[in-house]
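The residues making up each chain are set out below.
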Amino acid sequence: MDKQTNQVQQDQVDELYAEAIHWHVNTGGETIHAKRVPGLFRRLKWFSMSIWLLYFIGPYLRWGDRQAVLLDIPNRKFHIFDITIMPQDVWLLAMVLLFFSILLAAITSLSGRVFCGYFCFQTVWTDIFTLIEEKLEGNPTQRRKLEKAPWDLHKLRIKAIKHTIWIGIGVFTGIGFISWFVDVYQLWIDIVNFDASMLVWITIITFTLGTYILAGFMREQTCFWLCPYARIQGVMYDTETILPTYDYHRGEPRGKLKKGQPIEGNGDCISCNQCLAVCPTGVDIRDGQQEGCITCGLCLDACDTVMDKIGRPRGLIRYASLDEMQGKPHVPFIRRPRVLIYFGIMILAISGLIYGLSNLGTFDLKVLHERQPLFVQLSSGAIQNKYQLKVLNKTDHDMHISIVAEGPKGLEIHGVREKMLLPAGHLSNFTVYIRVPKQNLGSDRTPVNFRIQSFEVFDDMTEYMSMFYGPRI
Amino acid sequence: MSDDKNPFPGENNTGHVWDDNLRELLNDPPTWWRIGFHASWIFVLVYTLLYPSWPLINTHFKGIMGWTSLGEYKQDLKAIEEVRAPYETKLASMTAAEILADESLSSYVVRSAKVLFGDNCSACHGAGGQGNPSYPVLADDDWLYGGSVTDIQTTITMGRKGMMPAHKAMVSEAEADKLSASIVAGNVVTEPLYMEKGCVGCHGVDGKGMAPLGSANLTDGIYRFAAADQTYSVKHTIMHGVNDASDTNTRDAVMPAFGGTKLSETDIKKLAVYVHKLGGGQ
C-alpha cells in the first residue's frame, strides 16, 4: 500500500470522527445548572406543577366522618368520596389504569412527552429543588463558582440550609404519600408522639431518601438511565407528532453576531446557546429530537426571548412535527388512525368505569357447593345438598336479608332463618341445606338458583346459579 | 514472559503480556463491587453473632439473640392460643347443646373442630362425614343412637358397639331372601316373617329402629353396610349378625370410645357440635 492511499483513508476516518465529535454521553459527570427564563412555557409548567398540590392537600378533605379519599389497605376498602370500593370490584382499577396508560400514549402521539416535561414528579420535584438552589446559591454561574470554592463557613451555611430544606421536602413528600392510606389527622398525632407504626416510618424514610437522592442528585440521570417510562414514550412518536423542534431551515448556517449585526448569509440562530443554558437535561435541541429531551419547552422560552431581543420573529425553536420540517402537509389528528384507536380505547375504559361505578351493587354473593359428600340421602327419601353461602354487605350500614332458592319441584331450604343480619362491610358465611324429594330429580345434576333479598333495599337482589347433585339415574 | 522489558510501561500492568498485546492490569475492583464485598462479610459476621451458628466441640454457638426455631414456633402457637382462649374458656363451661345454640361459638367450633375431625374421625367416616361401607354417614339424618348433640357427644365419649345376633340357625335361605328383598323395597313391616322371626323386637313395629338399642331403621333405604348388591348385603347381615362373637362371618361394627385419655371433654363437645352441623343433626 503506498503512502498516498494511506493518507486518503486517514482523512476519511477523521471525517467520521468529526461527525460525532460534539456528542457525548451524559452520565452525570457534571451537575447541570439550568438557567431559569420566564415565558409562556414556564407559566404552563407552573400551572401543571400546581396540580401536585392536590397530592399534599387531598388527604385533608373530609367526607362525612371520614377522609374523603382513603385507600384503606388493612381493611381492604377504597373510599373515594361517596363511593366505597371493595376488593371484589378492583377490576375498576384496571379500567383506570387502562385509561391513563392509553391517555399517555395518545398525548405522546399528539405532542410528545408532555407527561415527562410538565407533570412527572421527577421533573416537578427537581424543578422545585433547583429553584431552592437558585434562591440560596444564586444563578448557574454563581452556583458553579460556589461548587469550586473552598469549604468555608459561608459555603457550609448555604449548603446546610439547602440540604435541610431538601430533606424537609422529602419528609413532607413521604407523609403526603402515606396520608392517602391512613387517617391523616391521626397520622399527625402519631408522628408527633413518635407513636406511628413501623410501616409509616419506613414509608416516610424511603420517600425522604428517594426524594432527596432522585431530585437532589440524580435529576436528569433518572430520566436518562433509570426511567423505563421515558424510553416507552420516546418510541411512541410519529412523524406527525409535534415536538419542540429547532427550525434548521431558518436557523442554519448559524453564527455569532459580529458587532451586534448578523453576518450576511447566516440564518437566525446566533449561537447564543441559551437553549443549552436553560435545558434541565443538558441536551442541545438543535441536534434534533433525542432521548434526553423531555419536551418541557423551556428552550422555546429562551429562544423566543433572544429572538425578541435581536428583532427576529419568534419560533426558531417551536412545537413542530417532523413532517412540517420536511414540508409535508399537516395531518389533523382526526385523520390519524393511531390516535383514533387510542381515543376509542379510552372511551371503552371510561364506559367500563362508569358502568362499574353505577353497578357496584349492595351485595356480593358466592355459593360454594359442599364436595364431600356431594349429597346425602335422608331417611325421608329426600336428597340433601350442603352449600356455603358467602354474602358480602358492600354498604356501610347493617342489613337484613333472606335467602331464597329456586330449583326442582319440592325443594326445601333449611338452615336459614326468615330474616338474617348482614353486618356492614362484612363478609358473612351461611350454611344452607337444600332438600329435594328423590323422585323429583330428573338427572344427577339440576340447577339451583340462590337469591339474596334485602329487607332494606327492595330493588336490589343478587343471584347465583349453583347445582344440585343427586344419585345417578 | 520472562522478558525484562515491559512493552507497555506506565499503565499499571502485571508485566505479563500474551500474544503481543494482551496483558493483565492491576486496576482496583469497581467501587460498587467493593462496597458489596464488605457489606457481605459484615452481614455474615453480624448474622452469625446474632443467630445460632458456629459449631463448637460439644455444642454450638447459641447466638446473642437466643433465637431458636422451636422457640419461634412456640411463640407463634402462644399467640394463636391467646386468640382462642376466650372461646375455649367459654366452651369448657358450656354444654354441647348450649354451644350449638350460640351462633358465634358454633361457627368458631365448626372451624376449629375441622382439625379434630380430620385427626380422629375422618379415617373411618370420611373427610366430610360422607361415610364408608360399614362406617355410617354422619351428614345424613339417619342415626343409630340418636342425632341430638347430646347423643352424639355420648357416642363419641363412650364409643358404641351394637349387637345383632346371627340368624343362620333360625332363618332359612329362602326366608332370608324374602326378608332382605322386602327391606330393600322399603316395606319390611308388611312382610309376615318380620313379626314371625322376631325382628320387630329390636327394630320396632314401624321398622324404624330404636335409638337406645342402636338398631337400624330398615325402611329408609339408607344402609350402613352399603354394597353394590344391597339385597345380598342385607341378607348377609341377617344370617351372620353384627358383632356376634359366635359367628366368624359376622359384621364388625365398633365405634371406639374417645373419652378419658384420648380427647378432652371440650374437644368432644366441639366434635359433637361439628358432627351435628354436618347436615343431619336433630
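All residue numbers here refer to positions counted from 1 along the written sequence of the relevant chain. Each chain gets a letter, beginning with A, and each ligand a number, beginning with 1, in the order they are written. Totals for whole chains, interfaces and linings use all residues, but because this is a predicted model, local features are given only for residues with pLDDT of at least 70 and pairs of side-chain atoms are given and counted only at 80 or more. Hydrogens and waters are ignored; side-chain quantities use all the structure's heavy atoms.

**Some thoughts on the interface of chain A and chain B**
Here is the rule: By definition, residues are in contact when any of their heavy atoms lie within 4.5 Å. In this description, buried area is defined as the sum, over both parts, of the accessible area (probe of 1.4 Å) that is lost when the two are combined. Each salt bridge in this description consists of a side-chain nitrogen of Lys or Arg and a carboxyl oxygen of Asp or Glu lying within 4 Å of one another. Polar contacts, as used here, are pairs of N or O atoms within 3.5 Å; protein pairs need one atom able to donate a hydrogen and one able to accept it. Residues neighboring in sequence count only if both atoms are side-chain atoms.
Listed by partner, the interface residues are twelve residues for chain A and 16 residues for chain B. In this assembly, chain A packs against chain B so that about 1,100 Å² is buried in total across both faces, 42% of it on carbon and sulfur atoms. Looking only at chain A, the three residues that lose the most surface to chain B are A:Gln372, A:Gln377 and A:Ser379, adding up to 41% of its buried area. Linking chain A with chain B are one salt bridge. Between B:Glu103 and A:Arg417 there is a salt bridge, and its shortest N-O distance comes to 2.8 Å. There are six residue pairs in polar contact (both at pLDDT 80 or more) connecting chain A and chain B.

**Things to note about the domain arrangement of chain B**
Often, the extent of an interface is quoted as the loss of accessible area on bringing the components together. All names here are of chain B. To keep things clear, this is the line we draw: Source of the domain bounds: an automatic or database domain assignment. Note on residue categories: nonpolar means Ala, Val, Leu, Ile, Met, Phe, Trp, Tyr, Cys or Pro, charged means Asp, Glu, Lys or Arg, and polar means any other residue, Gly included.
Under the domain assignment used here, chain B contains domain 1 (1–67), domain 2 (70–160 + 257–276) and domain 3 (163–252). Taking the mean C-alpha position of each, domain 2 and domain 3 sit 32 Å from one another. In this complex, domain 2 contributes ten residues to the contact, which on the side of domain 3 involves 13 residues. Interface of domain 2 and domain 3: buried area, both sides summed, is about 840 Å²; carbon and sulfur atoms make up 53% of it. The interface formed by domain 2 and domain 3 includes one residue pair in polar contact (both at pLDDT 80 or more). A breakdown of the residues in the side of domain 2 that touches domain 3 according to their chemical character gives five nonpolar, three polar and two charged.

**A closer look at helix α17 (residues 337–358) of chain A**
Residue and element names in this part refer to chain A. Which entries qualify depends on this criterion: Secondary structure elements follow DSSP: runs of H or I of four or more residues count as helices, runs of E of two or more count as strands, with numbering from the N terminus. Multiplying 1.5 Å by the residue count of a helix minus one yields the expected span of that helix. Here the term buried applies to any residue with accessible area under 20% of the maximum for its type, exposed to any over 50%, and partly exposed to those in between, with areas from a 1.4 Å probe on protein chains only. Directions drawn from the helix axis to the C-beta atoms are what define this arc.
With 22 residues, α17 extends 31 Å between its outermost C-alpha atoms, agreeing within 8% with the 32 Å of an ideal straight helix rising 1.5 Å per residue. Of all the residues in α17, the buried ones are Val339, Tyr342, Met346, Ala349, Gly352, Leu353 and Gly356. Taken down its axis, α17 places every buried residue within 145° of arc, on the same side. Seen from the open side of α17, the exposed residues pointing more than 90 degrees away from its buried face are Pro337, Ile341, Ile347, Leu348, Ile354, Tyr355 and Ser358.

**Notes on the domain arrangement of chain A**
Residues and elements named next belong to chain A. When the domains of chain A are assigned, the result is domain 1 (40–234), domain 2 (242–328) and domain 3 (363–469). Here the C-alpha centre of domain 3 lies 49 Å away from the C-alpha centre of domain 1. Listed by partner, the interface residues are four residues for domain 1 and five residues for domain 3. Looking only at domain 1, the three residues that lose the most surface to domain 3 are Met86, Gln88 and Asp89, adding up to 78% of its buried area. Where domain 1 meets domain 3, there are one salt bridge. There are one residue pair in polar contact (both at pLDDT 80 or more) connecting domain 1 and domain 3. Counted by class, the side of domain 1 that touches domain 3 contains one nonpolar, one polar and two charged residues.

**Section: the pattern of salt bridges**
All names here are of chain A. This structure, assessed with the given rule, holds 31 salt bridges over all chains. Close ionic contact of Glu291 with Arg231 constitutes a salt bridge, the shortest N to O distance being 3.0 Å. Of this pair, Glu291 sits in the loop between α14 (274–278) and α15 (298–309) while Arg231 is found in helix α12 (residues 228–234), placing the two residues 60 residues apart along the sequence. What makes Glu291 partly exposed here is its relative accessible area of 39%. Look at Arg231 and you get partly exposed, because its relative accessible area is 38%. Shared partners join several salt bridges into a network, and the residues in it are Glu133, Glu134, Glu137, Arg143, Lys159, Lys162 and Arg219.

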